[in-house]
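Results of the structural survey
What follows is each chain in one-letter form.
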Amino acid sequence: MFRTTLFALTASLLFFASQATAQEKFSSITGPLDVKPVQASEPIQVPFITWGGDAATFYANGGLDTKPESIYGKSGLKLKLTPGDDFVQQVKDYMGGKSPFLRGTMRMLGQASEVIGTDPRTKPVVVLQLSWSAGDHIVSRENLKTLNDLKRDGKKAKIACQQGGPHVGLLYDALAAAQLTNQDVEIVFVDDLTGPNGAAEKFRTDPTIDACCVITPDMIGLTGGVDSAGTGAEGTVKGAHVLVSTQNMSRSIADVYAVRHDWYEANRDKVEKFVAGYLQGAVQVKKLRDDFEKTQRMSPEYRNLLAQCQTIFGEEVLPTLEVDAHGLLLDCNFVSLPGQIAFFEQTGNLSGFNSKLSAALDLATQWGYASSRKGFDPSGFDYHKIAELAKIEYSEPPRIVQGEGVMEFPDDDFDNDTIVSFTISFEPNQTDFSVDRYGMEFDRALQSASTFGGAAVVIRGHSDPTKTLVQLLKAGMEKGIIRRTGQQGAYKYYLNTQNGSNELDLGQTEAMVKLIKSGAFEGSADSPLQTMQAALNLSHARAEQVKQAIADYAEKKGVNVNLSQLQPVGAGISDPVVSKPASMAEAKQNMRVEFRIVKVNPETLSESDFDF
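Keep in mind that what you see is a predicted model, and the values were worked out from it rather than measured.

What follows concerns the overall build of the protein chain. The helix and strand tally for the protein chain stands at 23 helices and 21 strands. For the protein chain, whose C-alpha radius of gyration is 28 Å, the value lies close to the compact-globule estimate of 25 Å for 612 residues. Dimensions of the protein chain, computed from the C-alpha atoms along their principal axes, are close to 95 × 55 × 50 Å. In the protein chain, buried positions account for 56% of the 612 residues. A separation threshold of at least 6 residues defines the contact pool for the protein chain, and within that pool the share at least 24 residues apart is 77%. Just so you have it, the protein chain exposes about 26,100 Å², and 49% of that area is on carbon and sulfur atoms. With 60 positive and 76 negative side-chain charges, the protein chain shows a separation of 3 Å between the mean positions of the two kinds.

Spelled out as structure tokens, the structure:
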């Protein structure tokens with residue numbers, strides 16, 4: 001949770017400290033900038049932001065100014081760490097040669113890409129990924145259940161979001177998952193990430209706002225918690241709930257360092273030492289943090305580090321060491337050396353450098369921050385050398401990255417846990433299909449599995465209930481349980497019971513399934529129970545076939561996919577689009593496979609769960 005408090009400051013940052021209500025090109029925000037050589041004198045200015053990942057930089061440097069006995073000091077570097085929460089000022093310093101470093105996210109670099117990437121001297125070289133975000137959320141009102149609901153029946157949802165901050169990238173990914181763009185919703189830009197001019201307050205005070213992009217403290221203030229809904233009491237908004245979170249969309253926001261191309265070419269050895277020192281520092285910081293978690297005894301070294309963070313970030317941000325400062329680091333998922341290799345070098349990684357760069361430039365050009373695509377370069381490091389410099393063991397990352405919390409099957413309540421869904425249609429009794437025809441859907445499924453690392457992608461097969469309903473009526477009339485009246489095209493059916501005769505509503509699928517499962521219609525030539533079971537088997541076969549097709553498709557394209565995250569299930573006739581089809585066209589709507597990205601809450605428990 002704390003991750004967000006910091007990200008708040010990280011972001012309050014950001015670019016637009018002034019009135020920000022409309023989309024602006026990044027170049028108009030910075031104004032004209034001259035490119036100047038990086039100043040040669042030391043120390044080298046390196047920006048940091050208010051986030052736990054930067055604690056490893058403090059540790060490696062021994063504080064804001066390099067200490068001789070620190071990791072960086074021993075490697076011969078001399079750095080001066082400076083606040084970088086104002087990203088516009090960072091870009092000005094970078095272009096003007098005051099600092100060769102930029103500290104942000106891939107999407108923030110993307111939004112500034114045209115400004116910083118046009119001149120070959122300042123084209124960014126991304127040298128280090130620090131962490132992934134896990135504490136940012138989109139909160140919506142009660143009537144919006146999934147991301148698909150952001151555009152229903154042509155109505156555009158109004159979403160409050162800080163202009164230019166990290167949530168722009170979060171919103172971009174969320175809309176993309178639902179096959180929507182910024183043109184399909186109405187984005188209401190606010191000045192700040194949090195506070196009186198932030199998105200949460202806009203959502204709270206303006207009932208026309210349907211959703212807002214917020215950090216964890218604001219999310220809790222609106223909803224009461226990530227799995228709760230606001231009651232209207234104690235400042236919460238009645239019905240407000242988390243629509244999507246980086247706890248599930250865990251590969252959306254990547255924190256990185258980049259350096260100017262001209263400085264990198266002239267000072268590659270210093271950049272290698274900087275990256276190696278950070279990785280070495282991160283190993284030590286993680287050990288100190290984890291030791292405290294295990295023993296609940298805070299070592300003097302860890303206390304000094306937390307106190308250092310408190311001093312740098314301010315006591316208003318980190319009031320206590322044991323809870324707030326430790327919580328800051330606890331929420332940080334440091335990207336280790338194998339993580340660097342996976343991000344920068346691993347082909348087929350849909351959350352790797354190339355994919356994130358492409359997405360960052362898509363956002364920049366499609367949303368109006370830039371009019372042309374100016375990309376960045378990866379460092380091209382020899383990670384064996386980096387490991388040697390960092391004094392850490394070199395190890396290759398696994399090609400398949402396991403998602404967080406997706407090791408067990410989610411519960412059956414897909415409707416309440418679904419984040420977004422989309423569908424593939426089938427012909428009657430069909431289980432195979434054209435991969436070429438559904439390539440776009442498969443690409444979406446693979447990208448979703450990568451971006452939503454903390455969620456399951458449920459492949460849910462469905463089948464049409466018409467045949468089962470026909471069998472039910474035939475068997476029922478043969479056994480005298482069901483009576484039919486009326487003319488063709490306007491039949492009515494009545495169920496004979498001990499209390500008389502009740503009209504059957506064939507459109508009530510749940511009731512029909514319950515009736516069939518009673519077994520009262522078995523024994524005749526037509527068995528609705530067997531037909532319903534066959535429909536369930538067919539739906540499961542469709543889901544399995546789609547999973548296998550996706551696996552084959554991913555292998556053919558060289559894409560890494562965690563198959564355990566793709567979970568096929570058969571729903572049979574239980575959830576039709578049209579419960580009582582009147583034509584083949586309507587019946588075909590039920591012959592489908594639906595992809596659902598489902599929240600996984602492995603520790604969500606109720607009192608009854610302990611009765612085992």
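Now, onward.
Strand order in the open sheet made by the 3 strands is S17-S18-S19, with antiparallel pairing throughout. Whereas interior strands pair on both sides, the edge strands pair on one side only; in this sheet they are strand S17 (482-485) and strand S19 (500-503). Sheet twist, expressed as the mean angle between neighbouring strand axes with direction ignored, is 30 degrees. Of the strand pairs in this sheet, strand S18 (residues 492-497) and S19 are connected by 4 bridges, and their pairing is antiparallel.

Turning our attention to the packing of helix H20 (residues 466-478) against helix H22 (residues 528-557). Relative to each other, H20 and H22 sit at 170 degrees, their axes nearing to 8 Å. The angle between the axes of H20 and H22 places the two elements in the roughly antiparallel class. Judged by residue contacts, Lys467, Thr468, Gln471, Leu472 and Ala475 of H20 engage Pro528, Thr531 and Met532 from H22. Of the residues belonging to the contact of H20 with H22, the class tally is 4 nonpolar, 3 polar and 1 charged.

So, about the packing of helix H8 (residues 166-177) against helix H16 (residues 353-366). Close contact between H8 and H16 brings their axes to 11 Å; oriented N to C, the two are set at 100 degrees. Overall, the two elements H8 and H16 adopt an arrangement that is roughly perpendicular. Across the interface between the two elements, Val168, Gly169, Tyr172 and Asp173 from H8 touch Lys356, Ala359, Asp362, Leu363 and Gln366 from H16.

Looking now at the confidence of the model for the protein chain. Per-residue pLDDT for the protein chain has a mean of 87; in total, 91% of the residues score no lower than 70. Predicted confidence for residues 602-606 stays below pLDDT 50, and this span has 4 contacts to residues more than four positions away or in other chains. Here residues 608-612 is a poorly scored stretch, pLDDT under 50, and it has 2 contacts once near neighbours within four places are set aside; other chains count.

One pass over the structure, following the stated rule, counts 24 salt bridges. Of the charged contacts in the structure, one is a salt bridge between Lys155 and Asp210, with a shortest N-O distance of 3.9 Å. One end of the pair, Lys155, is in strand S7 (residues 155-156); the other, Asp210, is in the loop between helix H9 (199-205) and strand S10 (211-215), and 55 residues separate them in sequence. Among the salt bridges present, the one from Lys202 reaches Asp206, with a minimum N-O distance of 3.8 Å. A relative accessible area of 30% places Lys202 in the partly exposed class.

Our next topic: the nonpolar core. Val127 and Phe274 are the most contacted members of the largest nonpolar core, which totals 84 residues. Top element by residues in this core is helix H12 (residues 268-295). It accounts for 10 residues. Among all residues touching Phe274, those that are not within four sequence positions of it are Val46, Tyr72, Leu77, Leu79, Phe101, Leu128 and Tyr257. Counting residues in each nonpolar core, the second largest holds 59 residues, with Ala178, Met249, Phe452 and Val546 among its members.

On to the packing of aromatic side chains, then. In this structure the tally under the stated criterion is 20 aromatic pairs. Seen from their ring centres, Phe26 and Phe87 are 6.4 Å apart, and the 65 degrees between their planes marks the pair as edge-to-face. Remark: Phe87 occurs in helix H5 (residues 87-95) and Phe26 occurs in helix H2 (residues 26-30); sequence separation between them is 61 residues. Its relative accessible area of 0% is what places Phe87 among the buried residues.

Within the structure shown, the criterion is met by 0 disulfides. With no disulfide of its own, Cys161 lies closest to Cys213 among cysteine sulfurs, the gap being 4.0 Å. The buried category is assigned to Cys161, whose relative accessible area is 0%.

Moving on, we get to the sheet that holds strand S15 (residues 418-425). Pairing within the open sheet is mixed, and its 4 strands lie in the order S15-S21-S16-S20. The strands lining the two open edges of the sheet, one partner per strand, are S15 and strand S20 (566-570). Strand-to-strand, the axes of this sheet are offset by a mean angle of 25 degrees, without reference to chain direction. In terms of strand pairing, strand S16 (residues 455-461) meets strand S21 (residues 592-599) through 7 bridges, oriented antiparallel. Within the sheet, the bridge partner assigned to Arg460 lies in S21 and is Glu594.

When you tally the buried positions in helix H15 (residues 337-344), you get 7 out of 8 residues, the bulk of the element. When H15 is considered as a whole, its buried residues turn out to be Leu337, Gly339, Gln340, Ile341, Ala342, Phe343 and Phe344.

Next up on the list: unusual backbone geometry. Outside of glycine, negative phi angles account for most residues, and trans bonds account for most peptide bonds. Cis geometry marks the peptide bond from Glu42 to Pro43, where omega comes out at 10 degrees. Here Gln179, not a glycine, exhibits a phi torsion of approximately 60 degrees, which is positive. Tracing the sequence through the fold places Gln179 in the loop between H8 and strand S9 (186-190).

Time to look at the side chain of Gln471. Its location among the elements puts Gln471 in helix H20. Looking at Gln471, the relative accessible area reads 11%, which means it is buried.

The next subject is the environment of His540. With respect to the helices and strands, His540 occurs in helix H22. The class of His540 is partly exposed, set by a relative accessible area of 32%. Taking the C-alpha atoms as reference points, His540 and Ala254, 286 residues apart in sequence, are found 37 Å from one another. Setting aside anything within four residues of it in sequence, one finds His540 in contact with Pro568, Val569 and Gly570. A polar side-chain atom of His540 sits 3.5 Å from the main-chain amide nitrogen of Gly570.

Criteria and cut-off values
Residues numbered from 1 in each chain as written. Predicted model: local features only at pLDDT ≥ 70, side-chain atom pairs only at ≥ 80, totals over all residues. Heavy atoms only, no water. Helix = DSSP H or I, 4+ residues; strand = E, 2+ residues; numbered from the N terminus. Rg over C-alpha atoms; globule rule 2.2 N^0.38 Å. Buried < 20%, exposed > 50% of the residue type's maximum accessible area, 1.4 Å probe, protein only. Contact = heavy atoms within 4.5 Å. Areas by Shrake-Rupley, 256 points an atom, 1.4 Å probe, with all protein chains shown as cover. Lys, Arg positive; Asp, Glu negative; His and termini not counted. Charge placed at Lys NZ, Arg CZ, Asp CG, Glu CD. Pairing = 2+ DSSP bridges. Axes fitted to C-alpha atoms, helices over the stretch in contact; angles between N-to-C directions. Parallel < 35°, antiparallel > 145°, perpendicular 65-115°, else oblique. Nonpolar A, V, L, I, M, F, W, Y, C, P; charged D, E, K, R; others polar. pLDDT = per-residue confidence, 0-100. Salt bridge = Lys/Arg side-chain N within 4 Å of Asp/Glu carboxyl O. Core = buried A, V, L, I, M, F, W, Y, C linked by side-chain atoms within 4.5 Å. Phe/Tyr/Trp six-rings, centres within 6.5 Å; stacked < 30°, edge-to-face > 60°. Disulfide = S-S within 2.5 Å. Polar contact = N/O pair within 3.5 Å; in protein donor to acceptor, adjacent residues only side chain to side chain.

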